[in-house]
Amino acid sequence: MSSQRSQTTTPKESGALAVGFLALAGAIGVAHVTPADGYELSLYAGTPTTVWILLGVSFCLSLAVALATTAPWYRRLSLCLGAGAAIAFVGMPVLRGYHFISGGDALTHLGWARGIRDGMFSPLELRYPGLHTVSTLFSTALGIDLTHAMMLVIVLLFGLFFLFVALSTDLVFENRYSVTVGAFSAFLLLPITTLSTFVTPHPMSQSILFSAVIVYSLLKYMQGNQVAASVSSLGVLLAMLSIAVVLYHPQLAAHLLVVFVGICAVQFLFRRFGSTTPIATHRSVYGQTAILTGGFLLWVANHGLLVDVIRFHLVSTLEYFLGGTGSAGDAIDSQSNSIAQIGGSVVEIVLKLLGPSLVFGVLAALLVGWTLIENDGRLLRETEGVIHYFTVALVGLGGLFAVYFFGSTEKMYFRVFGFTLLFITIMGAAAIAYGMDALSKNRSTTAVHSIAVLGFGVLLVVSLLAVFPSPYIYGTSPHVTTQAMDGHETAFDRGDDDIPYIGIRSGPNRYVDATTGDLERTERYEGISGPEIEEGISRQYEDDRYLVVKQRDLDRELIAFKELRYTEAQLNSIESQPGVNRVQTNGGFELYHVRGTADA
C-alpha cells in the first residue's frame with residue numbers, strides 16, 4: 001500500500017531537496033574549515049566563493065521545491081532548507097571563527113554584558129538589559145565566551161524573525177504561496193539597512209527582529225473571537241512579549257506603541273460607525289495597549305528617559321522649522337560629499353542599500369491602493385481587514401520618522417525606518433502571494449514559479465550583499481579580531497594609567513568599555529588626524545600619549561576609504577617619526593609610545 005508521502009511527492013522534488021541539503025552542509029563545512037586568520041575588510045571577499053555558490057544553490061532549490069510541491073510537509077521541509085541557508089548566512093562570522101563583530105556600539109554592549117556577568121551592576125540599572133542578560137545566560141549555560149554567546153543570540157533572533165514573518169504573512173493573506181513567499185521575503189533582511197540597524201550586537205536592531213514575534217502574536221490575538229474570555233493564554237503571551245520588548249529597547253517599545261494606538265483608533269472608528277468589515281469582529285487591543293503603555297512608562301520613569309527624549313526631539317524639530325541648524329539633512333549632505341570624494345554617489349548607495357526595500361515599498365503601496373479602489377471588497381475580506389491596521393501603522397511610523405529626521409543628527413530616523421521595514425516586508429510578501437495566486441489561475445503555474453524564483457534570486461543577491469558592511473557599500477567589516485581585543489587588553493593592563501590614548505580617527509574608547517565593564521561609557525580618548533600625523537605626532541601633545549594602530553585602521557583608511565582622511569605616506573611614517581616608539585605588537589595591533597613636547 002503506497003503512503004501519502006509517495007502519492008504527494010515526486011522523485012524530482014526529493015532529489016532536489018537532497019542536493020539542497022548537501023549543498024547547505026557543504027557550505028557550512030567549507031566555511032568552518034576556512035576560518036579568518038586576521039582582519040577581513042569584507043566578509044564576502046574573505047569567505048571562499050564556494051560557500052556563496054553552495055548557499056545560492058540551497059536557496060534556489062528550497063524556493064523551487066516549496067513553490068512546486070503539493071505536499072504541505074514537503075513544503076515545510078524545503079522551507080527549513082531555505083531557513084538553514086539564511087541562518088548560515090547571518091551566522092557566517094560564527095562559522096568562520098570571528099572573535100567578535102562590532103561597528104563600535106557592540107563593544108560597549110559587550111562590556112555591559114560583562115558587567116552584569118561579573119556582578120558589577122544589576123541588569124535593572126541598564127536602560128535596555130534584554131540582549132545583555134540573555135547573552136550572559138547563554139554564556140553561563142553553554143560554557144562559552146561572552147563574545148560568542150552574544151553572536152549566537154543574534155543568530156537565534158534572526159531565526160525567530162524568519163519564522164514569524166512567514167507566519168504573519170500567512171495571517172495577512174492565506175493561500176498556498178503565503179508562507180513560502182513570507183519566508184523568502186524575510187530572508188532578504190530588509191530591516192537590516194546598516195543605517196542604524198545592524199547584524200552586530202545592537203539592542204535596537206535585535207529588538208526589531210524580536211518584534212516580529214509580537215506582530216504575529218498581535219495578528220493572531222486580534223483575529224480571535226472577541227466574545228471569548230477576556231483573559232486568554234494568547235493575551236497573556238502578548239502582554240509578556242510587550243513587556244519583554246520594553247526591556248530589549250524602550251525606544252522600540254515607543255515605536256510599537258504608535259502601532260498599537262493606531263490599531264486602537266481603527267477598531268474604534270470601524271465599530272463606532274457600524275462597519276460590516278471583519279475589523280468589527282476582531283478582538284480589541286485596548287487592554288494590550290494599556291499594558292504596553294504602563295510597562296513603557298514605568299520603565300522609562302525609573303531611567304529618566306521620557307522627558308529628556310521628548311524635549312530633545314520636539315525642541316530640535318521646532319528649531320529646524322524656525323531656521324536652526326544641525327538637522328539630519330546636514331549630516332546627509334556631509335556623508336554624500338564623503339562618498340563622492342571616494343568615487344561613489346548617493347543614488348548608487350541608496351540602490352545598493354535600499355533597492356529591495358523600495359521594491360517592497362511599491363508592492364505594499366499597490367496592495368493598499370487595491371484595497372481602496374476595488375469595487376467588491378474581495379481583497380479586504382480575504383485579508384480580514386488587516387491591511388487597514390498595517391496602513392495606519394505605517395502612517396504613524398512615518399510621522400515619527402519625520403520628527404526624528406527634522407530633529408536629530410544621530411540617524412535615529414533610520415531606526416524608525418528599520419522598524420517600518422518589518423511591516424513593509426510582510427505587506428510586500430502578502431502582495432506577491434496575492435499576485436501569484438491571481439496569475440496562477442490564468443497562467444501556467446510553471447511560468448509563475450519560474451518568475452518568482454528568478455525575482456527572489458535577484459533580490460536575495462542584491463539585498464544580502466549589503467547586510468554586512470564592506471567596501472561594496474563604502475564601509476568596512478565589523479570583524480573584531482582576537483589580536484585587536486587581546487592587544488587592547490594587554491595595553492590597558494600593562495600601560496601607564498596616567499598616559500592617555502589616541503587612535504586613528506578615534507581613540508580606543510569602545511575597547512575600554514569592552515574590557516572594563518563599567519556602566520558609564522568611556523569618552524575621554526581622542527583621535528589624531530592625517531595632517532597632524534604629517535606635522536609630527538610628538539609635536540601635537542605636551543604630555544606623553546599612547547597611539548593605537550590596528551590592522552582594521554589601515555585597511556579602512558587606505559583600501560575602503562581610498563585615503564580620504566589619511567594617506568598611505570602619513571600612516572607609514574608613524575613608526576619612523578622622532579619621539580614615537582613601538583612598545584607592543586601582535587600582528588594585528590600596534591601600540592606606540594609618543595613622547596610629548598614637555599619631555600623633549
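Higher on the page you've got the structure.
The rules behind each value
Residues numbered from 1 in each chain as written. Predicted model: local features only at pLDDT ≥ 70, side-chain atom pairs only at ≥ 80, totals over all residues. Heavy atoms only, no water. Pairing = 2+ DSSP bridges. Helix = DSSP H or I, 4+ residues; strand = E, 2+ residues; numbered from the N terminus. Axes fitted to C-alpha atoms, helices over the stretch in contact; angles between N-to-C directions. Contact = heavy atoms within 4.5 Å. Patch = residues over 30% accessible without salt bridge, like charges linked within 9 Å, V, L, I, M, F, W, Y side chains within 5 Å. Areas by Shrake-Rupley, 256 points an atom, 1.4 Å probe, with all protein chains shown as cover. Salt bridge = Lys/Arg side-chain N within 4 Å of Asp/Glu carboxyl O. Buried < 20%, exposed > 50% of the residue type's maximum accessible area, 1.4 Å probe, protein only. Phe/Tyr/Trp six-rings, centres within 6.5 Å; stacked < 30°, edge-to-face > 60°. Lys NZ or Arg CZ within 6 Å of the ring centre and 35° of its normal. Parallel < 35°, antiparallel > 145°, perpendicular 65-115°, else oblique. Left-handed = near helix turned anticlockwise from the far one by under 90°. Expected span 1.5 Å × (residues − 1). Core = buried A, V, L, I, M, F, W, Y, C linked by side-chain atoms within 4.5 Å.

Caption draft 1: Looking closely at the sheet that holds strand β5 (residues 545-550). If you trace the five strands from one edge of the open sheet to the other, you get β4-β3-β5-β7-β6, paired in mixed fashion. Each end of this open sheet is capped by a strand with a single partner; those strands are β4 (526-528) and β6 (580-585). Strand-to-strand twist in this sheet, taken as the mean axis angle between neighbours without regard to direction, amounts to 35 degrees. Examined bridge by bridge, β5 and strand β7 (residues 589-594) share six bridges and lie antiparallel to one another. Bridge pairing in β7 links Arg545 to Val594. Its contacts with the sheet place helix α25 (residues 551-560) against β3 (501-504) and β5, and it is angled at close to 65 degrees to β5.

Caption draft 2: How the structure looks around a nonpolar patch on the surface. The grouping of Val346, Val347, Val350, Leu351 and Leu358 at the surface amounts to a nonpolar patch, some 420 Å² of accessible area in total. For Leu358, the position within the fold is in helix α17 (residues 346-373). Judged by its relative accessible area of 47%, Leu358 is partly exposed.

Caption draft 3: Spatial organisation of the packing of aromatic side chains. As enumerated under the stated definition, the model contains 27 aromatic pairs in all. Arranged with centres 4.6 Å apart and planes meeting at 75 degrees, the rings of Trp73 and Tyr74 form a pair that is edge-to-face. The structure contains a cluster of three or more aromatic residues connected by ring pairs, namely Phe59, Phe158, Phe161, Phe162, Phe184, Phe187 and Phe456. Sitting above the plane of the Tyr221 ring, Arg283 keeps its charged end 4.6 Å from the centroid.

Caption draft 4: Spotlight on the pattern of salt bridges. Using the criterion set out here, one finds 13 salt bridges in the structure. Note that Arg114 is salt-bridged to Glu489, the shortest N-O span being 3.9 Å. Separated by 375 residues along the polypeptide, Arg114 in helix α7 (residues 105-117) and Glu489 in helix α22 (residues 482-494) bring together distant segments of the chain. When its relative accessible area of 12% is taken as the criterion, Arg114 is described as buried. Its relative accessible area of 30% is what places Glu489 among the partly exposed residues. A salt bridge links Arg556 to Asp553; the shortest N-O distance between them is 3.2 Å. Here Arg556 and its partner Asp553 are both found in helix α25, three residues apart, which amounts to about one turn of the helix. Its relative accessible area of 1% is what places Asp553 among the buried residues. Salt bridges sharing partners connect three or more residues here, namely Arg505, Lys550, Asp553, Arg556 and Glu557.

Caption draft 5: Seen up close, the packing of helix α9 (residues 146-172) against helix α11 (residues 203-222). Contact geometry for α9 and α11: axes closest at 8 Å, N-to-C directions at 30 degrees. What the angle tells us is that α9 and α11 run roughly parallel. Where α9 crosses over α11, the handedness of that crossing is left-handed. In this structure, α9 contributes Ile154, Leu157, Phe158, Leu160, Phe161, Phe164, Val165, Leu167, Ser168, Leu171 and Val172 to the contact, and α11 contributes Gln206, Leu209, Phe210, Ala212, Val213, Val215, Tyr216, Leu219 and Lys220.

Caption draft 6: Spatial organisation of helix α8 (residues 130-142). With 13 residues, α8 should cover 18 Å at 1.5 Å per step; its first-to-last C-alpha distance of 18 Å lies within 8% of that length. Those residues of α8 that sit buried are Gly130, Leu131, His132, Ser135, Thr136 and Ser139. Contact partners of the buried residues in α8: α7, α9, α11 and α12 (233-248). Within two residues after α8, Gly143 carries a phi angle of roughly 65 degrees, on the positive side.

Caption draft 7: Representation of the nonpolar core. Of all hydrophobic cores here, the largest spans 158 residues; its most connected members are Phe158, Phe161, Leu189, Phe390, Phe419 and Val467. By residue number, the principal contributor to this core is helix α20 (residues 413-442), which donates 17 residues. In terms of nonpolar packing, the next biggest core, distinct from the first, is built from 14 residues, Ile502, Ile504, Ile537 and Val580 among them.

Caption draft 8: A look at unusual backbone geometry. The phi dihedral of Ser196 is positive, around 80 degrees, even though this residue is not glycine. Of note, Ser196 is situated in the loop between α10 (178-187) and α11.

Caption draft 9: Representation of the environment of Phe561 in the model. By the secondary structure assignment, Phe561 is in the loop between α25 and α26 (568-572). For Phe561, a relative accessible area of 15% corresponds to the buried category. For the pair Phe561 and Ser284, spaced 277 residues apart in sequence, the C-alpha separation works out to 52 Å.

Caption draft 10: View of the side chain of Thr522. Positionally, Thr522 belongs in the loop between α23 (509-516) and β4. Not counting chain neighbours up to four residues away, the residues in contact with Thr522 comprise Asn509, Val512 and Asp513.

Caption draft 11: Looking closely at the side chain of Thr200. Structurally, Thr200 is set in the loop between α10 and α11. Among residues more than four places away in sequence, those in contact with Thr200 are Ile101, Ser102, Gly103, Ala106, Ile154, Gln206 and Pro478.

Caption draft 12: How the structure looks around the pairing of β6. In this sheet, β7 lies alongside β6 in antiparallel orientation, the contact comprising five bridges. Following the sheet pairing, Asn581 is matched in β7 by His593. Connecting the antiparallel pair β6 and β7 is a turn made up of three residues, with Gly587 showing a positive phi of about 100 degrees.

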